[in-house]
Amino acid sequence: TGFRMPGTDAADAALWDIWQYNNMDERIGAIEDIIVTPDKSVSYAIINAGGFLAVAKHNVAVPVSQFKLDGEKLILPGATKDALKASPAFEYAN
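Residues numbered from 1 in each chain as written. Predicted model: local features only at pLDDT ≥ 70, side-chain atom pairs only at ≥ 80, totals over all residues. Heavy atoms only, no water.

1. With respect to the pattern of salt bridges
All told, the structure shown has 2 salt bridges when counted by the stated rule. One salt bridge in this structure joins Asp-25 and Lys-73, with 2.5 Å as the shortest N-O distance. Pair noted here: Asp-25 is in the loop between strand S1 (18–21) and strand S2 (27–36) and Lys-73 is in strand S6 (residues 73–75), with a separation of 48 residues, a long-range link. According to the relative accessible area criterion, Asp-25 is partly exposed, its value standing at 49%. Overall, the relative accessible area of 31% leaves Lys-73 in the partly exposed class. Among the ionic pairs, Lys-57 bridges to Glu-32, the shortest N-O distance being 2.6 Å. Of this pair, Lys-57 sits in the loop between strand S3 (42–48) and strand S4 (59–63) while Glu-32 sits in strand S2; the two residues are 25 residues apart in sequence, bridging distant segments of the chain. Its relative accessible area of 53% is what places Lys-57 among the exposed residues. (Salt bridge = Lys/Arg side-chain N within 4 Å of Asp/Glu carboxyl O. Helix = DSSP H or I, 4+ residues; strand = E, 2+ residues; numbered from the N terminus. Buried < 20%, exposed > 50% of the residue type's maximum accessible area, 1.4 Å probe, protein only.)

Structure, rendered in structure tokens:
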């Protein structure tokens, strides 16, 4: 599938637009971007938890340490779409 776990040196564009699920197999958003530190490690995934077809964007930064790999599916245990929507929106620095 081209999928790679965030936090590895091989994390790359294959992560983008991957649907994000919680541990109850509910789709809660899509990974749209990653934040890479100066030492080239991945620190955050930016998840769009917006509305239908991701038209109304609500991007949230989630530390990669919170993700778990279940087979080939990357999950965010305990997360819900409502909880992500209630989280502060991530905004890129100018």
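2. So, the confidence of the model for the protein
Averaged over the protein, the pLDDT score is 79; the fraction of residues at 70 or greater is 77%. Averaged pLDDT values over the elements of the protein bottom out at 80 in S1 and peak at 94 in S4. This stretch, residues 1–14, has a pLDDT under 50; its non-local contacts, to residues over four places away or in other chains, come to 23 contacts. (pLDDT = per-residue confidence, 0-100. Contact = heavy atoms within 4.5 Å.)

3. Some points on unusual backbone geometry
Despite not being glycine, Asp-25 has its phi angle at roughly 65 degrees, a positive value. Although it is not a glycine, Lys-40 sits at a positive phi angle of roughly 70 degrees. Considering the arrangement of structural elements, one finds Lys-40 in the loop between S2 and S3. We classify Lys-40 as exposed; its relative accessible area is 64%.

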